[in-house]
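Coordinates in review
Single-letter residue listing:
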Amino acid sequence: MTREESAGHRIVPHTADLRIEAWAPTREQCIAEAVYAMVGAFTDLTSTVPAVRREFVVPAAPAQDQLVTVLNELIYRMDTDDEVPRAVEVRRKGADLQVLLAMADTARVTVIGAAPKAVTRRRLSFGPIDTGWRCIVTLDA
């Protein structure tokens with residue numbers, strides 16, 4: 001990775017579900033990139049404006065569990081509150097994570113694919129690499 005690519009995300013080819021990869025210098029930034037990858041896989045947010053701010057805390061747990069908790073929480077909120085994350089910041093708060101969100105109304109979002117239904121633990125990986133952190137996650141679409 002070059003310096004310009006120190007953080008980012010992409011969709012990984014997969015035959016059935018949605019598979020995303022994210023990387024960043026820190027664990028918290030990597031989780032945020034995973035959120036952007038997930039949301040970008042089924043929406044175009046370029047013309048949306050955040051409508052409301054939300055936050056939640058993810059209790060101390062192994063990194064993989066915290067990643068799954070964040071993504072599943074956002075899938076739940078998208079489904080029940082009709083909001084999609086437009087911006088996300090993940091901060092370490094002791095051993096916990098604080099997730100700060102700027103949410104957009106799904107009625108104002110351009111949908112380009114099927115929204116994920118859940119995170120699977122099948123072939124899940126999340127851990128440190130030479131340049132920071134990297135995760136690969138499969139989502140049921």
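Throughout what follows, the structure given in this document is the object of discussion. From a predicted model like this one, the values you see are computed outputs, not experimental measurements. (Residues numbered from 1 in each chain as written. Predicted model: local features only at pLDDT ≥ 70, side-chain atom pairs only at ≥ 80, totals over all residues. Heavy atoms only, no water.)

**Details of the sheet that holds strand β4 (residues 52–58)**
One open sheet accounts for three strands, arranged β4-β6-β5; its pairing is antiparallel. Bordering the open sheet on either side are β4 and β5 (83–93), each of which pairs with just one other strand. With direction set aside, neighbouring strand axes in the sheet form an average angle of 20 degrees. Strand direction decides the pairing type here: β5 and strand β6 (residues 96–105), joined by 10 bridges, are antiparallel. Each bridged residue has a counterpart across the sheet, and for Val90 the counterpart in β6 is Val99. (Pairing = 2+ DSSP bridges. Helix = DSSP H or I, 4+ residues; strand = E, 2+ residues; numbered from the N terminus. Axes fitted to C-alpha atoms, helices over the stretch in contact; angles between N-to-C directions.)

**Some words on the environment of Arg92**
Positionally, Arg92 belongs in strand β5. The spacing of Arg92 and Arg27 is 65 residues in sequence and 9.1 Å in space, taken between C-alpha atoms. In this structure the side chain of Arg92 is engaged in a polar contact, spanning 2.9 Å, whose partner is the side chain of Glu28. (Polar contact = N/O pair within 3.5 Å; in protein donor to acceptor, adjacent residues only side chain to side chain.)

**Quick notes on the nonpolar core**
With 39 residues, the main nonpolar core has Met38, Leu67 and Val137 as its most contacted residues. Where this core is concerned, the elements lending two or more residues are β2 (18–24), α1 (27–40), β4, α2 (63–81), β5, β6, β8 (118–129) and β9 (132–140). For Val137, the contacting residues outside a window of four places in its chain are Leu18, Arg19, Ile20, Leu67, Leu71, Val119 and Leu124. (Core = buried A, V, L, I, M, F, W, Y, C linked by side-chain atoms within 4.5 Å. Buried < 20%, exposed > 50% of the residue type's maximum accessible area, 1.4 Å probe, protein only. Contact = heavy atoms within 4.5 Å.)

**Focus on the pattern of salt bridges**
Within this structure, the stated rule accounts for 10 salt bridges. Close ionic contact of Arg10 with Glu21 constitutes a salt bridge, the shortest N to O distance being 2.6 Å. With Arg10 in strand β1 (residues 8–12) and Glu21 in strand β2, the pair connects residues that are 11 residues apart, well separated along the chain. The exposure class assigned to Glu21 is buried, which follows from its relative accessible area of 8%. One salt bridge connects Arg122 with Asp17, and the closest N-O pair in it is separated by 2.7 Å. Note that Arg122 is positioned in strand β8 and Asp17 in the loop between β1 and β2, a separation of 105 residues in sequence. Connected through shared salt-bridge partners, Arg10, Glu21 and Arg134 make up one network. (Salt bridge = Lys/Arg side-chain N within 4 Å of Asp/Glu carboxyl O.)

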